Amino acid sequence: MTARRVASVLRAADKGSAISSPATGAGAQRHERIYQAVSSAIIEHRLQPGARLREDALAEVFGVSRTGIRKVLQRLAMDQLITLTPGKGASVTRPSAEEAREVFEARRLVEGGLMQPLAQVLDAKGVEQLRALAAQEQVALEAGEQSEAIQCSAKFHSALAALAGNETLATFVVILAVYGNAGNLGCDCTDHQQLLALLEQGDGKAAADFMAKHLDAIEASLSIGDEPQAVPDLQDVFAGYRR
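This one's a predicted model, so the numbers in the text were calculated from it and none came from an experiment.

Below, the discussion takes up the overall build of the protein. Within the protein, the regular secondary structure consists of eleven helices and three strands. In sequence order, the protein lays out its α and β elements as α-α-β-α-α-β-β-α-α-α-α-α-α-α. Scored against the burial criterion, the 243 residues of the protein give a buried share of 48%. Long-range contacts, defined as pairs at least 24 residues apart, comprise 79% of the intrachain contacts of the protein with a sequence gap of at least 6. In the form shown here, the protein has an accessible surface area of approximately 12200 Å², with 50% of it arising from carbon and sulfur atoms.

One side chain can pair with another of opposite charge once the charged atoms of both are near each other. Going through the model one piece at a time under the given rule, you end up with eight salt bridges. Across the salt bridge formed by Arg 70 and Glu 55, the nearest N and O atoms sit 2.9 Å from each other. Taken together, the residues span a long stretch of sequence, with Arg 70 in helix α4 (residues 66–78) and Glu 55 in helix α3 (residues 55–62) at a distance of 15 residues. With relative accessibility at 19%, the residue Glu 55 sits in the buried group. A salt bridge links Arg 108 to Glu 219; the nearest nitrogen and oxygen atoms lie 2.2 Å apart. You can see Arg 108 sitting in helix α5 (residues 97–121) and its partner Glu 219 sitting in helix α10 (residues 204–221), a full 111 residues away along the chain. Under the relative-accessibility criterion, Arg 108 is labelled partly exposed at 27%.

Turning next to the confidence of the model for the protein. Summing up the model confidence of the protein, the mean pLDDT is 79 and the portion of residues at 70 or higher is 75%. Within the model, the stretch residues 1–21 combines pLDDT values under 50 with 34 contacts to residues more than four positions away or in other chains.

Next up on the list: the environment of Lys 71. Within the element layout of this structure, Lys 71 appears in helix α4. Classification of Lys 71 as partly exposed rests on a relative accessible area of 49%. Taking C-alpha positions, Lys 71 is 9.4 Å from Tyr 35, a pair spaced 36 residues apart along the chain.

Let us now look at the packing of aromatic side chains. Applying the stated rule across the entire model yields one aromatic pair. Plain terms: the ring middles of Phe 62 and Phe 238 are 4.9 Å apart, the flat faces sit at 55° to each other, and that makes the pair tilted. With Phe 62 in helix α3 and Phe 238 in the segment after α11 (234–237), this residue pair connects regions lying 176 residues apart in the sequence. The class for Phe 62 is buried, based on a relative accessible area of 0%. The ring centre of Tyr 35 lies 3.5 Å from the NZ or CZ of Arg 75, which sits over that ring.

Conventions adopted
- Counting from 1, residues in each chain are numbered in the order their sequence is written.
- Residues qualify for local features only when their pLDDT is at least 70, as the model is predicted, and side-chain atom pairs are given and counted only at 80 or more; totals for whole chains, interfaces and linings, by contrast, use all residues.
- Hydrogens and water molecules were not included; the side-chain quantities draw on all heavy atoms of the structure.
- Numbering goes from the N terminus for both helices and strands, where a helix is a DSSP run of H or I of at least four residues and a strand is a run of E of at least two.
- Exposure is judged per residue with a 1.4 Å probe applied to protein chains only, and the accessible area is read against the type maximum: over 50% gives exposed, under 20% gives buried, and values in between give partly exposed.
- Residue contacts are counted whenever heavy atoms from the two residues lie within 4.5 Å of one another.
- Surface accessibility follows the Shrake-Rupley procedure with a 1.4 Å probe radius. Residue values consider only the protein chains on display as shielding.
- In the sections that follow, a salt bridge refers to a side-chain nitrogen of Lys or Arg positioned within 4 Å of a carboxyl oxygen of Asp or Glu.
- Here pLDDT means the predictor's own confidence in every residue, given as a number from 0 to 100.
- Centres within 6.5 Å are what make two rings of Phe, Tyr or Trp a pair, Trp counting through its six-membered ring; a difference in plane orientation under 30 degrees is then read as stacked, over 60 as edge-to-face, and the rest as tilted.
- In this scheme, Lys NZ or Arg CZ marks a charge over a ring once it lies within 6 Å of the ring centre and within 35 degrees of the ring normal.

Next up, the structure:
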């Protein structure tokens, strides 16, 4: 991929990197529960990439108005978990296999390049923050909470970028969610602990080399392809939801 194409991928990801905020005011708690239910279903592969999410069907499942569902869908779109297409509505985000590979190539350039400067400036507070995130990821994995584990993994990578003074690429969590395998996070939390140890030692070169291998392992664990997916039964997907 050319340098211009890499820059394009990074810019596109940065546009979506803002973290959406929960709704406030009347109905906020219910909207938050619906947001968590849908996002978890996407990350846990109960909603497959490309699956259409009809407003009327979701409103019936969750017992809220289409206006309320629309607000939740807008928030999910901000997080790049779904795509809103004029005239077609909402569907689960489906990056192409090529886009997924390009994101990983971009991340190798960005995150690998961050390791040496980060090793020079990482302080005790930063170490504590990263260690806490790695511990949260471990707890989630041991509890079998795939959605929470992926979010923790993404937060760890986000924190690395932030501590080095660089914006994170939110697209990373979307790729993990779309192409990850249920029960296999790919992003090993023990890798995060080893990477943190290298950074604490101030060994930026070793940390950069380890990051490259870490990202290679994540990409290898994903099922990247463009196969069509079945239409979901939303009543079945959200059978465990209680209004």
